[in-house]
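# Understanding the architecture of this molecule
Spelled out, the chains give:
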Amino acid sequence: METAPKPGRGVPPKKDNPQAKKKKPRRYWEEEATPVAAPAGPPRKKARAREPRPPRSKGVRGAPKSRFGRKPQAPKNASDRKKPRRTLSGAQDPFPGPAPAPAEVARKFCRIDKSKKLPRSKPKTRTKLETAEAQEEEASVRAARAELLLAEEPGFLEGEDGEDTAKILQTDIVEAVDIASAAKHFDLNLRQFGPYRLNYSRTGRHLALGGRRGHVAALDWVTKKLMCEINVMEAVRDIQSVFPLLAVDGRGSADPNWNRWLYIYDNQGIELHCIRRCDRVTRLEFLPFHFLLATASETGFLTYLDVSVGKIVTALNARAGRLSVMAQNPYNAVVHLGHSNGTVSLWSPAMKEPLAKILCHRGAVRAVAVDSTGTYMATSGLDHQLKIFDLRGTFQPLSARTLPQGAGHLAFSQRGLLVAGMGDVVNIWAGPGKASPPSLEQPYLTHRLSGHVHGLQFCPFEDVLGVGHSGGMTSMLVPGSAEPNFDGLENNPYRSRKQRQEWEVKALLEKVPAELICLDPRALAEVDVVTLEQQKKERIERLGYDPDAKAAFQPKAKQKGRSSTASLVKRKKKVMDQEHRDKVRQSLEGQQQQRQKQKTAKPTGARPSALDRFVR
C-alpha cells in the first residue's frame, strides 16, 4: 500500500504563488522602505551591551512629579534632532515647534510686576508662588500668540498733503468707504417727538431711542429691523438698555408736581415693572458686571437698583442739590456726579460718603465722561472750559481748552477719541494712541446737525457715533473710534438667542458684589496689613498671650556625657546672648537713622546761618 509522502522528504517544493509575491501598496503617510539583502544562514541575535547604571545614593530622593508645565525632553540621537516632523500628507513641517510670540506683545499681556521680588517665605509657599508666576507668563505668551489671529486693525482718517481732516464732510467719507460701511450712516427725521436720548447695547447691535415727548423705540440698527415702538404719552428724561431684551427709561409728566417714576419694558414694548422708590429720575447708568442700575434724581439722591433680584441696594444722599450730570467709570464701576458748585464727586454703593471730590470748574459742571481704561476723565462747565483729568491718584488736570459755546455733552470711544456736543455742532478730538489722552489743539472731525445735541454715544465695535438731537437721530462715521476685534465669549454681536441665554446665566453666576466697588480694584488682591495687625493685637488681648510668639529655646539632648546640666545652661545662655546682641544692634541702627533725619530736617521758616558749618 502506497502512502502519501510527507512534505519536506524528497518532495519537490511547490512553485511560489504569483499572487503571494505581489508587493504591498505603500500608503501616502508611510515612508518608502529600502530592500535590504538577507544574510545567508540562520538569523543571529544581536548582542546588546548593557550600560552600567549610575550608583544612586541612599539619602537622595527623586524629584517629585509635577503636573505643571514640564520641559520637553531632548532627542537622544542627533538624527532625531535634525529630522523634521512628518505630517499625514507626507510633507515635512518647515517650521517645527510652537509659533514664536513677539516679546513686546507678550509684555503687553503680562500681569506680573517683576520689579517686586518674591517675599522670603517657606519653601512650599515660595514654590507655589513661582509656579503661579510661571503660569502667568505662559498665559501671556499664549495670548500674544493668539493675537496673530486678529486680522482686523484699527485705522484713522488721514488727509492728503497736510489736509485738515476736520474739513472732511460725512458725504466724502460715505463716498470713499464700501457699501456695507456706507449703510451705517443715516439720519432719522423725528422732529415732532424730539429731542432724543439714545443708548447702544454692550454688543453694539441694538439701539434704544427715547424722545422727550413720549416716543420710545428699540431696533437692530445694523439691519434696520424695528423691535418695538410705543408712545408712553409722558415725557421721557433718559433711556438705558440693560439687555438686548430690556429697555429702561425714566419718564414723567410735564407737571412738576408729578412723580417721575422708573419704568421697565421688554423688547415687545410691554411694561414689566414700575419702581416708585426711584422718583424724579433725571439720569440712568447701568453697571453690567454688578447688575446694578444707578439713578440720579432731582431730590439729590443716588439710588442703586439690583436688576437681578429687583431690590434697592442703597440710596445715597449727595447733599448737592439737583443731580443732572452722571457718568460711570467702566474700569472700576465708580459713578461720577457733576454738581452746580463746580465739583465732581466719586461714589460707591459700599460707602455713605464720596470716595473723592475734585474741583474742576469755577461754574456748574455740564457734562462728565470717563474713558474705557479708567485713566482719564473729561469735564465741561459753564465757564466754557473743557478739561481732561488724570484719575491715577493725582486728580490733576492734564490739558484744558476754552470753547466758544461750552460743551453740553461728552463721550469717549473705545480707542480714546473724545466727542463734545456744542449746540448743533459736534467736535471730535483724537490722541496719538489708545492709552494716551486726546489732544485738544486741533479737532479730528467736525459735523453740523439739524438740531441741538441732547445725547452722544459711540457704538461698541463699530466706527459709528450716535447723536440724538432735537430733529431726531444721526449715525455718523468716525474712522478709528472702535475696537476692530471683539471677544466672542464676552460681547458677540452675532450671537444667537440660545447663546445670549447661556451668556446671561453665566453672567448671573459671575456677578460681582456691590461691596467690592472701589477706586483701585487691584487693592482687593492685596493684604490689608493695618487690619491684620489690629486683629493680631485684639487676639493677644483676648487670650492673654501671643500664640504666634517664638517659643523659648530648648536644647536637644546629645550623646551620653554631653547633656549635663551645665552644658544645657551654657547653650541656653549662648542663644540668649545672641538674641540680645541682635536687639541692641537693631535699636542702635534705628537711633542712628533718627539722628540723620533730624540733621537733614530744618525747621520751617528758619534762615540759614553762618554757624551751621560747625553743627555736628
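The rules we used
- Residues numbered from 1 in each chain as written.
- Predicted model: local features only at pLDDT ≥ 70, side-chain atom pairs only at ≥ 80, totals over all residues.
- Heavy atoms only, no water.
- Helix = DSSP H or I, 4+ residues; strand = E, 2+ residues; numbered from the N terminus.
- Buried < 20%, exposed > 50% of the residue type's maximum accessible area, 1.4 Å probe, protein only.
- Contact = heavy atoms within 4.5 Å.
- Areas by Shrake-Rupley, 256 points an atom, 1.4 Å probe, with all protein chains shown as cover.
- Pairing = 2+ DSSP bridges.
- UniProt positions renumbered as here; feature names shortened; annotations may be inferred.
- Axes fitted to C-alpha atoms, helices over the stretch in contact; angles between N-to-C directions.
- Patch = residues over 30% accessible without salt bridge, like charges linked within 9 Å, V, L, I, M, F, W, Y side chains within 5 Å.
- Salt bridge = Lys/Arg side-chain N within 4 Å of Asp/Glu carboxyl O.
- Core = buried A, V, L, I, M, F, W, Y, C linked by side-chain atoms within 4.5 Å.
- Expected span 1.5 Å × (residues − 1).
- Polar contact = N/O pair within 3.5 Å; in protein donor to acceptor, adjacent residues only side chain to side chain.
- Lys, Arg positive; Asp, Glu negative; His and termini not counted.
- Charge placed at Lys NZ, Arg CZ, Asp CG, Glu CD.
- Phe/Tyr/Trp six-rings, centres within 6.5 Å; stacked < 30°, edge-to-face > 60°.

## Some points on the overall build of the chain
Each helix and strand in the chain was counted, giving eight helices and 28 strands. Within the chain, the proportion of its 616 residues that are buried is 34%. Taking the intrachain contacts of the chain between residues at least 6 apart in sequence as the baseline, contacts between residues at least 24 apart amount to 44%. Of the roughly 43000 Å² that the chain leaves accessible, carbon and sulfur atoms contribute 53%.

## Remarks on the pairing of strand E24 (residues 425-429)
Most of E24 is tucked away: five of the five residues are buried. In E24, alternate side chains face the same way, and those of Val425, Asn427 and Trp429 on one face and Val426 and Ile428 on the other are all buried. As judged from the five bridges shared by strand E23 (residues 418-422) and E24, these two strands associate in the antiparallel manner. Bridged to Leu418 within E24 is Trp429. In this antiparallel pair of consecutive strands, E23 and E24, the connection spans two residues, and Gly423 shows a positive phi of 70°. Of the strand pairs in this sheet, E24 and strand E25 (residues 445-448) are connected by four bridges, and their pairing is antiparallel.

## Some words on the UniProt feature "repeat: WD" (unreviewed entry) in the chain
Mapped onto this numbering, the UniProt entry annotates "repeat: WD" (unreviewed entry) at residues 358-392. Secondary structure content for residues 358-392 is 0% helix and 57% strand, while the C-alpha to C-alpha distance between its ends is 13 Å.

## Overview of the sheet that holds strand E15 (residues 335-338)
Pairing is antiparallel across the open sheet formed by four strands, whose spatial order is E14-E15-E16-E17. Each edge of the open sheet carries a strand with a single partner, namely strand E14 (325-328) and strand E17 (356-359). Adjacent strand axes in the sheet meet at a mean angle of 20°, parallel and antiparallel pairs treated alike. Across four bridges, strand E16 (residues 343-347) lies against E17 in antiparallel orientation. Of the residues in E17, the one forming a bridge with Ser345 is Lys357.

## As for unusual backbone geometry
Geometrically, the link from Gly194 to Pro195 is a cis peptide bond, its omega value of -5° lying close to zero. Tracing the sequence through the fold places Pro195 in the loop between strand E1 (186-189) and strand E2 (196-200). Of note in this structure, Arg280 is not a glycine but carries a positive phi near 55°. Within the secondary structure, Arg280 sits in the loop between strand E9 (271-275) and strand E10 (281-287). The class of Arg280 is buried, set by a relative accessible area of 19%.

## Considerations on a nonpolar patch on the surface
Nonpolar side chains collect at one region of the surface, where Val527, Val529 and Leu532 lie side by side and expose about 290 Å² of accessible area between them. Topologically, Val529 is positioned in helix H7 (residues 529-543).

## Structural notes on the nonpolar core
Counting residues in hydrophobic clusters, the biggest one holds 31 residues, and the most contacted among them are Val426, Ile428 and Leu465. Every element with two or more residues in this core is listed here: E2, strand E3 (206-211), E24, strand E26 (453-458), strand E27 (464-469) and strand E28 (472-477). If sequence neighbours within four positions are ignored, Ile428 has contacts with Leu417, Leu418, Val419, Pro443, Tyr444, Leu445, Leu465, Met476 and Val478. Grouped together as the second largest cluster of nonpolar side chains are 29 residues, Leu287, Leu302, Leu316 and Ala514 included.

## A few points about the environment of Leu417
Along the chain, Leu417 falls in the loop between strand E22 (409-412) and E23. With relative accessibility at 1%, the residue Leu417 sits in the buried group. Residues Leu417 and Trp429, spaced twelve residues apart in sequence, show a C-alpha to C-alpha distance of 5.9 Å.

## A word on the sheet that holds E25
Ordered in space as E22-E23-E24-E25, the four strands form an open sheet in which the pairing is antiparallel. Edge positions in the open sheet fall to E22 and E25, since each of these has one partner strand only. Averaged over all neighbouring strand pairs, the angle between strand axes comes to 15°, with direction disregarded.

## Details of H7
Across its 15 residues, H7 extends 21 Å between first and last C-alpha, which sits within 8% of the 21 Å expected from 1.5 Å per residue. Just downstream of H7, Gly544 is the residue with a positive phi angle, here 90°.

## Observations regarding the side chain of Gln385
Structurally, Gln385 can be placed in strand E20 (residues 385-390). Within the structure, the side chain of Gln385 is placed 2.7 Å from the side chain of Thr402, a separation counted as a polar contact. Those residues in contact with Gln385, other than ones at most four positions away along the chain, are His361, Thr379, Ser380, Ala400, Arg401 and Thr402.

## Topic: the pairing of E15
Covered by surrounding structure in E15 are Val335 and Leu337 together with His336 and Gly338, the residues of both alternating faces. Taking the residues that link successive antiparallel strands as the turn, the E14-E15 hairpin has six residues, and the phi of Ala333 there is positive, at about 65°. In this sheet, E16 lies alongside E15 in antiparallel orientation, the contact comprising four bridges. Within the sheet, the bridge partner assigned to His336 lies in E16 and is Leu346. Hairpin connection of E15 to E16: four residues between the antiparallel strands, including Gly342 at a positive phi of 85°.

## Overview of the environment of Leu209
Positionally, Leu209 belongs in strand E3. It is 6.0 Å that separates the C-alpha atoms of Leu209 and Arg197, two residues lying twelve residues apart in sequence. Apart from residues no more than four positions distant in its own chain, Leu209 is found in contact with Leu188, Tyr196, Arg197, Leu198, His215, Val216, Ala217, Leu219, Ile239 and Met473.

## As for the environment of Lys352
The residue Lys352 is located in the loop between E16 and E17 in this model. Through-space distance from the C-alpha of Lys352 to that of Thr314 is 9.1 Å; in sequence the pair is 38 residues apart. Residues contacting Lys352, with those up to four places away along its chain left out, are Thr314, Leu316 and Trp347.

## Focus on a negative patch on the surface
On the surface, Glu160, Asp161, Glu163, Asp172 and Glu175 cluster together into a patch of negative charge. Along the chain, Asp161 falls in the loop between helix H3 (123-146) and helix H4 (170-176). The exposure class of Asp161 is exposed, given its relative accessible area of 82%.

## Looking at the packing of aromatic side chains
Tallied over the full model, the rule gives four aromatic pairs. Here Phe461 and Phe486 contribute two aromatic rings whose centre-to-centre distance is 6.1 Å and whose plane-to-plane angle is 70°, an arrangement assigned as edge-to-face. Here Phe486 lies in the loop between E28 and helix H6 (497-509) and Phe461 lies in the loop between E26 and E27, a separation of 25 residues in the sequence. What makes Phe461 buried here is its relative accessible area of 17%.

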